[in-house]
Amino acid sequence: MNLEGKTVVVTGSGRGIGKAIAMKFASLGANIVINDIPSSQNGDATAAEITQAGGNAVAIKCDVRNYDEVEDLVKKTLDKYGSVDILINNAGITRDNLIMRMDDADFDDVIAINLKGAFNCIKAVCRPMMKNRGGAIINIASVVGVMGNAGQANYAASKAGLIGLTKSVAKELASRNITCNALAPGFIQSAMTDKLPDAVKEDYLKAIPLSRFGQTNDIADAAAFLASDMAKYITGQVLHIDGGLVM
């Protein structure tokens, strides 16, 4: 899976799954554009880590909810590297609560970042990818978008919407040799999941046939495959990376 000379934009890549994807793609020779929210320093730190390891990376901050900022992100990427070959829509948040207690703002913010943010990024990279007659778009969805989850109506709706968006984009852009697929992670160990009560984690573990939680590198490896020439005949698909949780 050689990605030498390819340019990849990874949103929400200052930490967690996004950072693991950025590090993996850098190890395969890609130019990496790290994106994080303006108030965070994680993106700068990730870009510096890649550069220190001999890779090529730059951090560009923007709020994916704002199309003008996303368009500027793509312009800066094109100015620096000349192309946008791969887009990873990973930026996302959670605002968990039962529907009866969920504020409008908690629902709207999750939809705006997780779903509208991905739409903004896809829209912004369409023209340069079509001009190059090729590209790969990978959306980080979730098994929750397939099976639902109590207390996560907003998050599940955003990820289910992302799956529908993936399939529509795949059909629209296929004629230009641009693929669009989604990854649906299950329970992946991260700073966010580490905060869950032990009883909740034990219940999840019992439901996973492989009897272990996933690692961020499991998602990064799958993303690298879908972005490579090894997956050039795969589009509009949702790949579950969940240890068998959803079958």
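Right, let's walk through the structure included here. Quantities reported herein were computed from a predicted structural model and do not represent experimental measurements.

### Quick word on unusual backbone geometry
Peptide bonds are mostly trans, and most non-glycine residues show a negative phi.
Move 1: A positive phi angle, near 65 degrees, is found at Asn177, a position not held by glycine.
Move 2: On the secondary structure map, Asn177 appears in the loop between helix H6 (153-173) and strand E6 (178-185).
Move 3: Judged by its relative accessible area of 52%, Asn177 falls in the exposed class.
Move 4: Here Ser211, not a glycine, exhibits a phi torsion of approximately 60 degrees, which is positive.
Move 5: Looking at where Ser211 falls in the secondary structure, it is placed in the loop between helix H8 (198-207) and helix H9 (216-227).

### Digging into the side chain of Asp85
Move 1: Relative to the assigned elements, Asp85 resides in the loop between helix H3 (67-81) and strand E4 (86-89).
Move 2: We note that Asp85 is buried and unpaired, the nearest opposite charge coming from Lys6 at a distance of 4.7 Å.
Move 3: Engagement of the side chain of Asp85 in a polar contact is seen with the side chain of Ser83, the distance being 2.9 Å.
Move 4: Beyond its immediate sequence surroundings of up to four residues, Asp85 is in contact with Gly5, Lys6, Thr7, Met129, Gly135 and Ala136.

### Let's talk about the pattern of salt bridges
Move 1: One pass over the structure, following the stated rule, counts seven salt bridges.
Move 2: In this structure, Asp44 and Lys61 form a salt bridge, with 3.5 Å as the shortest nitrogen-oxygen distance. Of this pair, Asp44 sits in helix H2 (residues 42-52) while Lys61 sits in the loop between strand E3 (56-59) and H3; the two residues are 17 residues apart in sequence, bridging distant segments of the chain.
Move 3: Classification of Asp44 as partly exposed rests on a relative accessible area of 32%.
Move 4: Ionic pairing is found between Asp198 and Lys201, a salt bridge with its closest N-O pair at 3.8 Å. Placement of the pair is Asp198 and Lys201 together in helix H8, with a separation of three residues, close to one helical turn.
Move 5: The class of Asp198 is exposed, set by a relative accessible area of 54%.
Move 6: With a relative accessible area of 17%, Lys201 lands in the buried category.

Definitions and limits used
Residues numbered from 1 in each chain as written. Predicted model: local features only at pLDDT ≥ 70, side-chain atom pairs only at ≥ 80, totals over all residues. Heavy atoms only, no water. Helix = DSSP H or I, 4+ residues; strand = E, 2+ residues; numbered from the N terminus. Buried < 20%, exposed > 50% of the residue type's maximum accessible area, 1.4 Å probe, protein only. Lys, Arg positive; Asp, Glu negative; His and termini not counted. Salt bridge = Lys/Arg side-chain N within 4 Å of Asp/Glu carboxyl O. Polar contact = N/O pair within 3.5 Å; in protein donor to acceptor, adjacent residues only side chain to side chain. Contact = heavy atoms within 4.5 Å.

It is worth stressing that arrangement in space is one thing and function is another; only the former is reported here.
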